[in-house]
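Breakdown of the fold
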Amino acid sequence: MAFPDSIAVHDAFILLCSFFALCLKFGFAFVEAGKTDPKNVSNVIFKNVADTFVTLLAFFLHGYAFAFGEHNAVIGTQFFLTLNKTNMVNFFFNYVRCAVATTLALGAANERTEPIGYLISAYVFSGIIYPLACHWVWDQQGIFSPTSTSYPSQDYAGSGVIFLLGGAAAAVSLRVIGSRAGRWSPHFKRTEHSQPMVVLGGCLQMLGFLGLVIGTHPRVLDADEGLLLGLGTVNLLHAATSGGLYGLMIQRIDKNYYDLDSMLSGAIAGMVAVCAGVDTYMPGVAVMCGATGSLLFIGFRRFLCAVKLDDPLNIVSGYLIPGAWGLMLAGLFSDHGALGGHIQVLGNNCIVALVLFFWAVAIMYPLLSILMCFGVLRVPRFMEKQGIDKIRHTLRHPHGTRKSLN
Amino acid sequence: MAFPDSIAVHDAFILLCSFFALCLKFGFAFVEAGKTDPKNVSNVIFKNVADTFVTLLAFFLHGYAFAFGEHNAVIGTQFFLTLNKTNMVNFFFNYVRCAVATTLALGAANERTEPIGYLISAYVFSGIIYPLACHWVWDQQGIFSPTSTSYPSQDYAGSGVIFLLGGAAAAVSLRVIGSRAGRWSPHFKRTEHSQPMVVLGGCLQMLGFLGLVIGTHPRVLDADEGLLLGLGTVNLLHAATSGGLYGLMIQRIDKNYYDLDSMLSGAIAGMVAVCAGVDTYMPGVAVMCGATGSLLFIGFRRFLCAVKLDDPLNIVSGYLIPGAWGLMLAGLFSDHGALGGHIQVLGNNCIVALVLFFWAVAIMYPLLSILMCFGVLRVPRFMEKQGIDKIRHTLRHPHGTRKSLN
Amino acid sequence: MAFPDSIAVHDAFILLCSFFALCLKFGFAFVEAGKTDPKNVSNVIFKNVADTFVTLLAFFLHGYAFAFGEHNAVIGTQFFLTLNKTNMVNFFFNYVRCAVATTLALGAANERTEPIGYLISAYVFSGIIYPLACHWVWDQQGIFSPTSTSYPSQDYAGSGVIFLLGGAAAAVSLRVIGSRAGRWSPHFKRTEHSQPMVVLGGCLQMLGFLGLVIGTHPRVLDADEGLLLGLGTVNLLHAATSGGLYGLMIQRIDKNYYDLDSMLSGAIAGMVAVCAGVDTYMPGVAVMCGATGSLLFIGFRRFLCAVKLDDPLNIVSGYLIPGAWGLMLAGLFSDHGALGGHIQVLGNNCIVALVLFFWAVAIMYPLLSILMCFGVLRVPRFMEKQGIDKIRHTLRHPHGTRKSLN
């Protein structure tokens, strides 16, 4: 009787998880397209497909080197443009995580962004902003790595590095690019392309979160680590459930109807909030993470409306805030956190949240401001009225006639 | 050279299979949404997303305890609200199966059900009806478990426990809730939201059946069990093929056109019928299961029309009947059945079919009747005319304008 | 501590990869449906579902026997209608590859093909044309197998056997069936059913390619083979990226807009071109494969327009040409090719390309011509005008009213 090789089986498993995690990125495209005005659907989908490729370019050229190369606690400088045969699977999994963060970061200001400005900022985010954050928190040399002697922190599956960071960049983009034309007029009507498409995206995102969580541990199939698989899955599901049901109930009590969107987004917010400590929480804590994440989401959605930040996809309220909250929860409740006897982790997790936020702002704000000055970030007013599809993609309607290419 | 841990690899494999099996649940949402009138699409999708969460709640609180806790041959009483680390993967896989059955059971009476009545009955089905059935047939203590000394039966992948049980509950709901308004008027026209969406759902369902079947055996990666993987997959595919082609041919001969829906539903019926013995059938038997399942489906679809049971999604004809038929086939043709030398299994399987049917009826009939009395199960007539989306979900059309939340 | 069985784990892994690869077949259905006039959408989807089943029939009855049975270098004659327990997983993986090739081969002439003619030619392609090609190149007895002593060639993941062969059959079908009515009139307007559906298909295809590539090696989880997993994935991703970005840039420079379709099809063409040597290329070579595949696709798309070959789904330009090119690249750049010291492999790969092309033509041309003569291949002109859905499938519109069956 022969046995399979441990390293190969690990690689195979992480690859399969990555394929599911890729569904998180793809799912976001359909959520976004489903929530968009029909006149901009092709534009939205175009951006989501194009950044899949641009992210790979940036992450392969220098992103992975900055993130996982050896050098010092702040930046890595190995593996520029080259991988060795043993880290390719690790590269792929991290590329998927980077692509998820990038989609979040840049997708927020949809229905008003120029394709070229979008692609440039996607390149910078995935090649510089995300990789350095990744190095600090997840590389073993990093200043905030769990095994660091200086500032050990705890972010297992990306509440901070993926969702808080992406959400922070999204907040900046909303601030710099500004609201959609007429958004705050009392006559504003929102037109959604398709509810079923939003739910298709949501289902893909749920599969994606599952893949993302269980593929994170690099040696999960060794004898004592396998318990993580079930725990991570069940915790994630608990957080999604409590997040979804709270989102549903609040809207039902408050507005007297069943809001599919609040339920789905609440479930996502719950999963975002649980990610940071999903490997060690008791199920009860996961339920609490999901519930509070969902409540924060709904509260901040109203708050952002009140302060007139035009966030049609709820990136700030649904990813940035629950992500930051998730870091605190992990600092407190995870085995590696304050209640597990590691008092300083709670403080470090708060520092990480602030550092990630300001890091994203520090790069994105000047970058987007410059792009705005050059006029390549926001489409002209007449194009926004007519829809971006017609002029930038020569489509009048996602379901319609177009100039034939062949 | 190191080897991976057997338990961890099994867990990883079963989790990945569960993710595919989850596609069976998601796929059903799209089949249902695609076959629905546009005025009810959001309602249909809402219910499918919400029951994902409600099912988890019920299954975690007490469902799993009833199903897989230790106590006696009828009910388990362990693991209320708690899991231990070693059964979490088992919990997740069984949650997915429960979610599939629940979706079937409650989804049948679409376009006329109140959300709140739907959610209450989904809770009862997934927390009480399904778990007990599961305990009887699949738990090793269960009265009908394959290793039981009293009434050993054989239902490998759920023809009975998932599909017959869900279908029986669906039949009750159709009976109690009644037909759609105007369904039997000669002027009735069916409006389907989208054929491609139905097929998207069908593709997801096929992936889901594959995951469901090959993830069932708890020790499939041990030396002598691995052969099951290929056999299960090939049997399932054979049943789908013969079911689909028979569905197509009959409709072609009879009506002179190619009916996509009969083909797809025939394939599903074929897969339902093969599930009970998919681990041991010869491929020829699988072909026969698929063909007879599909024929029964088409026959009963007409019969139900004749007796005026309004089943727009064909749950009774496509799941209940083939599921019951599958139990008999397994009692006869599987290695653990009559032709494999276990004469009494055939009889026991028939008993199981009856018990599951009457168990579902015994709980669902009073429950739904009470909900009808309180007026929380069927929407008022005017709402059914206007569409449920408009009033319960504030949407006029799945592709259209809505009140903006942000 | 126990270890899992090597054979079972391999089988499990290849099955999971096959499920992803099946997404390549399903994805094609949505790409095709999305690019089709609404009046033919159900017809297109019908064909894609039906050939899933017809392919299995043909491949099980004699296809697998021709492909992987033992006999001589040209044809196999074992396993007719029977499999043994150890080759079922292999059967399933090869069935999926066959289904992908068949979908390509027959899907090209959409919006004008009779269902019955489609199904007959799908049967012949998947039961005779593909299996023999498969035997020649991939069976260890085959005349062009990598280990053959006569004409060793190199086609790791199917640039030739799947994509060139399917594309060649598609070219024949376009030639014999002819252009759509009015295609070359100056007033021709193309109506696309749905862009998001095309992208959904594209995402599924990308997952499918990943599954196809990493599931190819039969012993990938043994100690020294596991490195292939990462290499194959990264190479595929590089090819997709460079193919996609080149497709985007060329269209941007030339036509001044961002063409989603050129980007997606360019990425697919890149992946097709890299398949033949994806197991050994350096990443730089994969980038080059993707780029040249994409350029060839765009060039040939124009050329085919100029010579009035009506290929609305770009099968010839996007699969046949990059597939042939991929074979040459593998003959030159792969470790098993000319630059790896195996000079004759380059010549043999060119021979394989020609043999596969003429083999497809030699069977498909007479077959389709005969079907044309009998009038069962192309729909009558009036039906093409009205749309095939209305008459052959009794649907007026994919989103609309239909005669109710239940």
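None of the values given here were measured: they were computed from a predicted structure.

As for its placement among the helices and strands, valine 379 of chain B is situated in the loop between α11 (343–373) and α12 (381–386). Each residue touching valine 379 of chain B, except ones within four places of it in the same chain, is listed here: Arg112, Thr113, Glu114, Glu384 and Ile388 of chain B.

Quick look at a nonpolar patch on the surface now. Taken together, the side chains of Tyr246, Met249, Ile253 and Leu295 of chain A define a hydrophobic patch exposed on the protein surface, amounting to about 410 Å² of accessible area. One can find methionine 249 of chain A in helix α7 (residues 227–255).

Superposing chain A onto chain B takes a rotation of 120 degrees plus a shift of 0.0 Å along the axis, which leaves an RMSD of 0.0 Å. Here the symmetry operator amounts to a three-fold rotation axis. For chain A, the residue whose C-alpha comes nearest the rotation axis is phenylalanine 3 of chain A, separated from it by 3.8 Å. When you check the interface residues of chain A against chain B, a mere 16% turn up at the interface there too, and the two sides of the contact use different surfaces.

Before going further, it helps to examine the confidence of the model for chain A. Considering every residue of chain A, the mean pLDDT works out to 92; 97% of them sit at 70 or more. The low-confidence segment residues 400–406 of chain A (pLDDT under 50) makes 35 contacts with residues lying over four places distant or belonging to another chain.

Listed by partner, the interface residues are 64 residues for chain A and 57 residues for chain B. Taken over both partners, the interface formed by chain A and chain B buries close to 5,200 Å², and the fraction arising from carbon and sulfur atoms is 77%. Counting the surface chain A buries against chain B, the share from its top three residues, Pro196, Tyr257 and Tyr258 of chain A, is 13%. Joining chain A to chain B, the criterion identifies 0 salt bridges. Applying the counting criterion to the chain A and chain B interface returns 5 residue pairs in polar contact (both at pLDDT 80 or more). When contributions to the side of chain A that touches chain B are tallied by element, the ones reaching two or more residues are α1 (6–34), β1 (190–192), α6 (195–214), α7, α8 (260–274) and α9 (283–306) of chain A. A per-element tally of the side of chain A that touches chain B places α7 of chain A first, with 15 residues. Tallied by class, residues from the side of chain A that touches chain B come to 37 nonpolar, 15 polar and 12 charged.

On to the interface of chain A and chain C, then. How big an interface is tends to be stated in terms of the accessible area lost upon association of its parts. Between chain A and chain C, the residue contacts involve 57 residues of the former and 64 residues of the latter. Interface of chain A and chain C: buried area, both sides summed, is about 5,200 Å²; carbon and sulfur atoms make up 77% of it. The tally of links between chain A and chain C comes to 0 salt bridges. Our count for the contact surface shared by chain A and chain C stands at 5 residue pairs in polar contact (both at pLDDT 80 or more). Breaking the side of chain A that touches chain C down by element, the ones donating at least two residues are α1, α2 (41–68), α3 (88–107), α4 (115–138), α6, α13 (388–392) and β2 (400–402) of chain A. It is α1 of chain A that provides the largest number of residues to the side of chain A that touches chain C, a total of 12 residues. Of the residues in the side of chain A that touches chain C, the class split is 41 nonpolar, 10 polar and 6 charged.

The feature "domain: Ammonium transporter AmtB-like" (unreviewed entry), as annotated in UniProt, sits at residues 12–394 of chain A in this numbering. Across residues 12–394 of chain A one finds 69% helix and 1% strand; the C-alpha atoms that close the span lie 42 Å apart.

All right, on to the nonpolar core then. Counting residues in each nonpolar core, the largest one holds 432 residues, and the members touching the most others are Phe125, Tyr130 and Phe163 of chain A, Tyr130 and Phe163 of chain B together with Tyr130 and Phe163 of chain C. What phenylalanine 163 of chain A contacts, discounting residues up to four positions off in sequence, is Val100, Leu104, Gly158, Phe209, Leu212, Val272, Cys275, Tyr319 and Leu320 of chain A.

Here we take up the pattern of salt bridges. A side chain of one charge can pair with a side chain of the opposite charge when the charged atoms of the two come close. Under the counting rule described, the total for this entry stands at 27 salt bridges over all chains. With a closest N to O distance of 3.8 Å, arginine 112 of chain A and aspartate 310 of chain A form a salt bridge. Of this pair, arginine 112 of chain A sits in the loop between α3 and α4 while aspartate 310 of chain A sits in the loop between α9 and α10 (315–333), and the two are 198 residues apart along the sequence. Like arginine 112 of chain A, the residue aspartate 310 of chain A is buried in the burial classification. For aspartate 261 of chain C, the salt bridge goes to lysine 35 of chain C, with nearest N and O atoms at 3.1 Å. Here aspartate 261 of chain C is found in helix α8 (residues 260–274), whereas its partner lysine 35 of chain C is found in the loop between α1 (6–34) and α2 (41–68), with 226 residues between them in sequence.

Our next topic: the packing of α3 of chain A against helix α5 (residues 159–177) of chain A. All names here are of chain A. Contact geometry of α3 with α5 gives a least axis separation of 7 Å together with a crossing angle of 25 degrees. By the angle between their axes, α3 is roughly parallel relative to α5. As for the relative orientation of α3 and α5, their crossing is right-handed in sense. Contact residues: α3 offers Arg97, Val100, Ala101, Leu104 and Ala105, while α5 offers Ile162, Phe163, Gly166, Ala169, Ala170 and Ser173. Residues that form the contact of α3 with α5 fall into these classes: 8 nonpolar, 2 polar and 1 charged.

Attention now moves to α7 of chain A. Residue and element names in this part refer to chain A. Helix length check: α7 (29 residues) gives 42 Å between terminal C-alpha atoms against 42 Å at 1.5 Å per residue, within 8%. The buried fraction of α7 is high, at 21 of 29 residues. Immediately downstream of α7, the backbone of asparagine 256 shows phi near 70 degrees, a positive value.

Residue and element names in this part refer to chain A. At their nearest, the axes of α4 and α5 sit 11 Å apart, and the two run at 140 degrees to each other. By the angle between their axes, α4 is oblique relative to α5. Our pair here, α4 against α5, has a crossing hand that is right-handed. Residue-level contacts link Phe125, Ile129, Tyr130, Ala133, Cys134, Val137 and Trp138 of α4 to Val161, Ile162, Leu165, Gly166 and Ala169 of α5. Across the contact of α4 with α5, the residue classes tally to 11 nonpolar, 1 polar and no charged.

Attention now moves to the packing of aromatic side chains. Aromatic ring pairs are reported here in terms of the distance separating the ring centres and the angle at which the planes meet. Taken as a whole, this structure holds 63 aromatic pairs over all chains when the rule is applied. For the ring pair tyrosine 64 of chain C and phenylalanine 91 of chain C, a centre distance of 5.3 Å and an interplane angle of 80 degrees mean the geometry is edge-to-face. Within this pair, whereas tyrosine 64 of chain C is found in helix α2, its partner phenylalanine 91 of chain C is found in helix α3 (residues 88–107), the two being separated by 27 residues in sequence. Of the residues examined, phenylalanine 91 of chain C reaches a relative accessible area of 0% and is grouped as buried. Centroid distance phenylalanine 144 of chain C to tyrosine 151 of chain C: 6.1 Å. Interplanar angle 55 degrees. Geometry classified as tilted. Given the relative accessible area of 7%, phenylalanine 144 of chain C is considered buried. Taking the relative accessible area as the measure of exposure, tyrosine 151 of chain C reaches 39% and is therefore partly exposed. One aromatic cluster in this structure is built from Phe19, Phe20, Phe92 and Tyr95 of chain A, Phe19, Phe20, Phe92 and Tyr95 of chain B together with Phe19, Phe20, Phe92 and Tyr95 of chain C. Above the ring of tryptophan 184 of chain B, the side-chain terminus of arginine 183 of chain B is found at 4.3 Å from the ring centroid.

Moving on, we come to the environment of glycine 182 of chain C. Within the secondary structure layout, glycine 182 of chain C lies in the loop between α5 (159–177) and β1 (190–192). Assessed through its relative accessible area of 44%, glycine 182 of chain C is described here as partly exposed.

Scoring rules and cut-offs
As a convention, each chain's residues are numbered from 1 in the sequence order in which they are written. Written order decides the labels, with chains lettered from A and ligands numbered from 1. Only residues with pLDDT of 70 or above have their local features reported here, since the model is predicted, and side-chain atom pairs are shown and tallied only from 80 upward, although totals for entire chains, interfaces and linings are computed over all residues. Each side-chain value is derived from all of the structure's non-hydrogen atoms; neither hydrogens nor water enter the calculation. Think of it this way: any DSSP run of H or I at least four residues long counts as a helix, any run of E at least two long counts as a strand, and we number them from the N terminus. In what follows, a contact means two residues having at least one pair of non-hydrogen atoms within 4.5 Å. Distance thresholds for patches are 9 Å for like charges and 5 Å for nonpolar side chains (Val, Leu, Ile, Met, Phe, Trp, Tyr), applied to residues having over 30% relative accessible area and no salt bridge. The Shrake-Rupley method, run with a 1.4 Å probe sphere, supplies the accessible areas, and residue values consider only the shown protein chains as cover. Any carboxyl oxygen of Asp or Glu that lies within 4 Å of a side-chain nitrogen of Lys or Arg is treated as forming a salt bridge with it. Each copy is superposed on the other by least squares, with the fit set by C-alpha atoms of residues at a pLDDT of at least 70 in both. Residue-level confidence of the predictor is what pLDDT reports, using numbers from 0 through 100. The buried area of a pairing is the accessible area, by a 1.4 Å probe, that goes missing from both parts when the two are put together, added over both. Here a polar contact is taken to be a pair of N or O atoms separated by no more than 3.5 Å, where protein atoms must pair a possible hydrogen donor with a possible acceptor and residues adjacent in sequence count only if both atoms sit in side chains. For this classification, Asp, Glu, Lys and Arg are treated as charged, while Ala, Val, Leu, Ile, Met, Phe, Trp, Tyr, Cys and Pro are nonpolar and the rest, including Gly, are polar. UniProt positions are given in the numbering used here, feature names are shortened, and annotations may be inferred rather than shown by experiment. By nonpolar core is meant a set of buried Ala, Val, Leu, Ile, Met, Phe, Trp, Tyr and Cys residues that side-chain atoms within 4.5 Å join together. Here the term buried applies to any residue with accessible area under 20% of the maximum for its type, exposed to any over 50%, and partly exposed to those in between, with areas from a 1.4 Å probe on protein chains only. To obtain each axis, a line is fitted to C-alpha atoms, and for helices this fit is confined to the stretch in contact; angles are then taken between N-to-C directions over 0 to 180 degrees. These descriptions rest on fixed angle ranges, namely under 35 degrees for roughly parallel, over 145 for roughly antiparallel, 65 to 115 for roughly perpendicular, and the rest for oblique. For any pair of crossing helices, the crossing counts as left-handed if the nearer helix is rotated counterclockwise from the farther one by less than a right angle, and right-handed if it is rotated clockwise. Expected helix span is taken as 1.5 Å per residue step, with the number of steps being one fewer than the number of residues. Aromatic pairing here means that ring centres of Phe, Tyr or Trp (its six-membered ring) are within 6.5 Å. Orientation follows from the plane angle: under 30 degrees is stacked, over 60 is edge-to-face, and everything else is tilted. We call a charge positioned over a ring when the NZ of a Lys or the CZ of an Arg lies within 6 Å of the ring centre and within 35 degrees of the ring normal.

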